[in-house]
Amino acid sequence: CFRVTRKGATLVVIVPAFQWLFSAHDLATHARRRYRLNEVKNLLRDHGFTVEEARYLFSFLFPIFVAKRIIEKHWSGKLAISDLAIPPAFVNQLLIWVCRVEWILGRLMKLPFGSSIFVVARKYTTPPRRR
């Protein structure tokens, strides 16, 4: 990312959170791993970016997400393929509303967990030297 980002440009990163939640969904979406918030922030800083905003996303839905992953891993016999199916319209609208409320609250306070990580970083420096 550093190589192809202009100095002063903004980089937006959204990655899956918490390796212990890795599942078939991650394989289906070609995710190689899941991260913790500090890992992503440190990776970006170590590679010459200044982190301007960093937080977990989908915190309000996180308990449901965890329960679903536990059920898939322990009781379904085999893992589900992906969570990317579009739900019925009324469910989708409810989820959008929940995410909007969370986004507003996330501006006021840092939520301690979520199923994804959102980071805004800016390229200000030259890349650090590799040891």
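Each remark here, short or long, concerns the structure printed above.
The notes below deal with the structure included here. Note that the structure is a prediction, hence the values are computed from the model and not measured.

**Structural notes on the overall build of the protein chain**
Stage number 1. A tally of regular secondary structure across the protein chain gives four helices and three strands.
Stage number 2. In the protein chain, which comprises 131 residues, the share counted as buried stands at 35%.
Stage number 3. Of all intrachain contacts in the protein chain linking residues separated by at least 6 positions in sequence, the fraction that spans at least 24 positions is 79%.
Stage number 4. Looking at the protein chain as shown, the accessible area adds up to about 9200 Å², and 63% of this sits on carbon and sulfur atoms.

**Here we look at the packing of aromatic side chains**
Stage number 1. Tallied over the entire structure, the rule returns seven aromatic pairs.
Stage number 2. Ring centres of F18 and F62 lie 5.7 Å apart, and the angle between their planes is 55°; on these two criteria the pair is classed as tilted. Taken together, the positions of F18 in the loop between β1 (10–16) and α1 (24–28) and F62 in helix α3 (residues 62–75) put the pair 44 residues apart, joining distant regions of the chain.
Stage number 3. For F18, a relative accessible area of 6% translates into the label buried.
Stage number 4. Assessed through its relative accessible area of 9%, F62 is described here as buried.
Stage number 5. Aromatic pair W103 and F118: ring centres 5.2 Å apart, planes at 75°, arrangement edge-to-face. Taken together, the residues span a long stretch of sequence, with W103 in helix α4 (residues 89–108) and F118 in strand β3 (residues 116–123) at a distance of 15 residues.
Stage number 6. Given the relative accessible area of 33%, W103 is considered partly exposed.
Stage number 7. Take F118: its relative accessible area is 11%, and that puts it in the buried class.
Stage number 8. A connected cluster of aromatic rings, assembled from ring pairs, spans F18, W20, Y56, F62, F65 and F113.

**Quick word on α4**
Stage number 1. The end-to-end C-alpha separation of α4 is 29 Å, in line with the 28 Å expected for 20 residues at 1.5 Å each.
Stage number 2. Along α4, the residues that are buried comprise V98, E102 and G106. Around the axis of α4, the buried residues are gathered within 80° of arc, so they sit on the same side. Facing away from the buried side of α4 by over 90 degrees, the exposed positions are A89, F90, Q93, W97, R100, I104, R107 and L108.
Stage number 3. Those residues of α4 hidden inside the fold are in contact with β2 (49–57).

Analysis parameters
- Residues numbered from 1 in each chain as written.
- Predicted model: local features only at pLDDT ≥ 70, side-chain atom pairs only at ≥ 80, totals over all residues.
- Heavy atoms only, no water.
- Helix = DSSP H or I, 4+ residues; strand = E, 2+ residues; numbered from the N terminus.
- Buried < 20%, exposed > 50% of the residue type's maximum accessible area, 1.4 Å probe, protein only.
- Contact = heavy atoms within 4.5 Å.
- Areas by Shrake-Rupley, 256 points an atom, 1.4 Å probe, with all protein chains shown as cover.
- Phe/Tyr/Trp six-rings, centres within 6.5 Å; stacked < 30°, edge-to-face > 60°.
- Expected span 1.5 Å × (residues − 1).
- Arc of directions from axis to C-beta.

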